[in-house]
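# Observations on the three-dimensional arrangement
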Amino acid sequence: MVQHIKTDVDHPSDKIMTTEGKKGSFILIIDDEPDICKLLQLSLVKHGYKVKYVHALTEGMQYLQQQQPDLLFLDIHLPDGSGLEALPAIKKKCPALPVITISAYDNGMEKQKALNAGASYFMAKPFNVTNLDELMSNMLSQK
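Residues numbered from 1 in each chain as written. Predicted model: local features only at pLDDT ≥ 70, side-chain atom pairs only at ≥ 80, totals over all residues. Heavy atoms only, no water.

### Topic: the UniProt feature "modified residue: 4-aspartylphosphate" (unreviewed entry) in the protein
Rules: UniProt positions are given in the numbering used here, feature names are shortened, and annotations may be inferred rather than shown by experiment. Any pair of N or O atoms that falls within 3.5 Å is considered a polar contact. Within protein, one atom must be able to donate a hydrogen and the other to accept it, and sequence-neighbouring residues count only if both atoms are side-chain atoms.
Mapped onto this numbering, the UniProt entry annotates "modified residue: 4-aspartylphosphate" (unreviewed entry) at Asp 75. In terms of polar contacts, Asp 75 uses its side chain to reach the backbone amide nitrogen of His 77, at 3.4 Å.

### Describing the pairing of strand 9 (residues 121-124)
Rules: Two strands qualify as a pair provided that DSSP identifies no fewer than 2 bridges between them. Runs of E in the DSSP output that reach at least two residues are strands. Runs of H or I that reach at least four are helices, and both are numbered from the N terminus. A clockwise course of the path from the first strand over the helix to the second, judged with the strands pointing away from the viewer, identifies a crossover as right-handed.
Summarising the sheet, strand 8 (residues 99-103) and strand 9 pair through four bridges and their orientation is parallel. Within the sheet, the bridge partner assigned to Ile 100 lies in strand 9 and is Tyr 121. One crossover worth recording links strand 8 to the parallel strand 9 by way of helix 4 (residues 109-117), and it is right-handed.

### A look at the packing of helix 2 (residues 57-66) against helix 3 (residues 83-93)
The packing of two helices is summarised by the inter-axis angle and the distance between the axes. Basically, it comes down to this: The angle between two axes is taken between their N-to-C directions and runs from 0 to 180 degrees, where each axis is a line fitted to C-alpha atoms and a helix contributes only its stretch in contact. Working rule for angles: under 35 degrees goes down as roughly parallel, over 145 as roughly antiparallel, 65 to 115 as roughly perpendicular, anything else as oblique. The contact rule is simple, with two residues in contact once any of their heavy atoms fall within 4.5 Å. Each residue receives one of three labels: charged for Asp, Glu, Lys and Arg, nonpolar for Ala, Val, Leu, Ile, Met, Phe, Trp, Tyr, Cys and Pro, and polar for the others, Gly being one of them.
Where helix 2 contacts helix 3, the two axes come as close as 12 Å, and the packing angle between them is 0°. Taken together, the axis directions place helix 2 and helix 3 in an arrangement best described as roughly parallel. Of helix 3, the residues touching helix 2 (which contributes Leu 57, Met 61, Leu 64 and Gln 65) are Gly 83, Ala 86, Ala 89, Ile 90 and Lys 93. Of the residues belonging to the contact of helix 2 with helix 3, the class tally is six nonpolar, two polar and one charged.

### Quick look at the packing of helix 3 against helix 4
For clarity, the threshold we go by: Put simply, a crossing is left-handed when the front helix is turned counterclockwise from the back one by less than a right angle, and right-handed when it is turned clockwise.
Close contact between helix 3 and helix 4 brings their axes to 9 Å; oriented N to C, the two are set at 20°. Viewed along their axes, helix 3 and helix 4 adopt a mutual orientation that is roughly parallel. Helix 3 and helix 4 meet at a crossing whose hand is right-handed. In this structure, helix 3 contributes Leu 84, Leu 87, Pro 88 and Lys 91 to the contact, and helix 4 contributes Lys 113, Ala 114 and Ala 117.

### So, helix 4
Selection rule: Residue exposure (1.4 Å probe, protein chains only): buried if accessible area is under 20% of the type maximum, exposed if over 50%, otherwise partly exposed. In this context, the arc is that of the directions from the helix axis out to the C-beta atoms.
Among the residues making up helix 4, those that are buried are Glu 110, Ala 114 and Ala 117. Along the long axis of helix 4, the arc covered by the buried residues comes to 65°, so they all point the same way. In helix 4, the exposed positions angled more than 90 degrees off the buried face are occupied by Met 109 and Asn 116. If you follow the buried residues of helix 4, they end up packed against strand 6 (77-78), helix 3, strand 8 and strand 9. A positive phi of about 120° marks Gly 118, the residue just after helix 4.

### A short note on the confidence of the model for the protein
Let me state the cut-off plainly: The quantity known as pLDDT measures the predictor's confidence residue by residue, on a range of 0 to 100.
When pLDDT is averaged along the protein, the result is 84; 83% of the residues meet or exceed 70. Element-level pLDDT for the protein is lowest in strand 1 (residues 5-7), with a mean of 41, against a maximum mean of 97 in strand 5 (residues 71-75). Here residues 1-14 scores under 50 on pLDDT; set against residues more than four positions off or in separate chains, the count is 26 contacts.

### Points about unusual backbone geometry
Cis peptide bonds are those with omega within 30 degrees of zero, and the linkage from Lys 125 to Pro 126 qualifies with -10°. Relative to the helices and strands, Pro 126 resides in the loop between strand 9 and helix 5 (132-141).

Take a look at the structure:
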């Protein structure tokens, strides 16, 4: 079966992708690594989610002022700020929003800090997208 993926906007950091004909939950990704964003986006779109990614914390925070996603992937270390430090403000504005923090630093301490700050789940980079659909279903069912 061939899937047709359409983009709503042409700019790479401002695209929303969806699988044609499906209406799923809306996922926002805030991560400065284009390859991570594209990997997550393609994997999530394949399972019927609408996905947008941005590469900066400032851009992501501005987006959250306009629209609340159903789930947020948030990198902990961004060039313009700390996702970990922004997490309490995000949870204050959107208390029911499930947040999956992602980081290349998987030393246990990062995970604990993220969970203490309000993250729903911690994913270490690099990660395997094989169980992503199951994780998404679990996160969105808790909302």
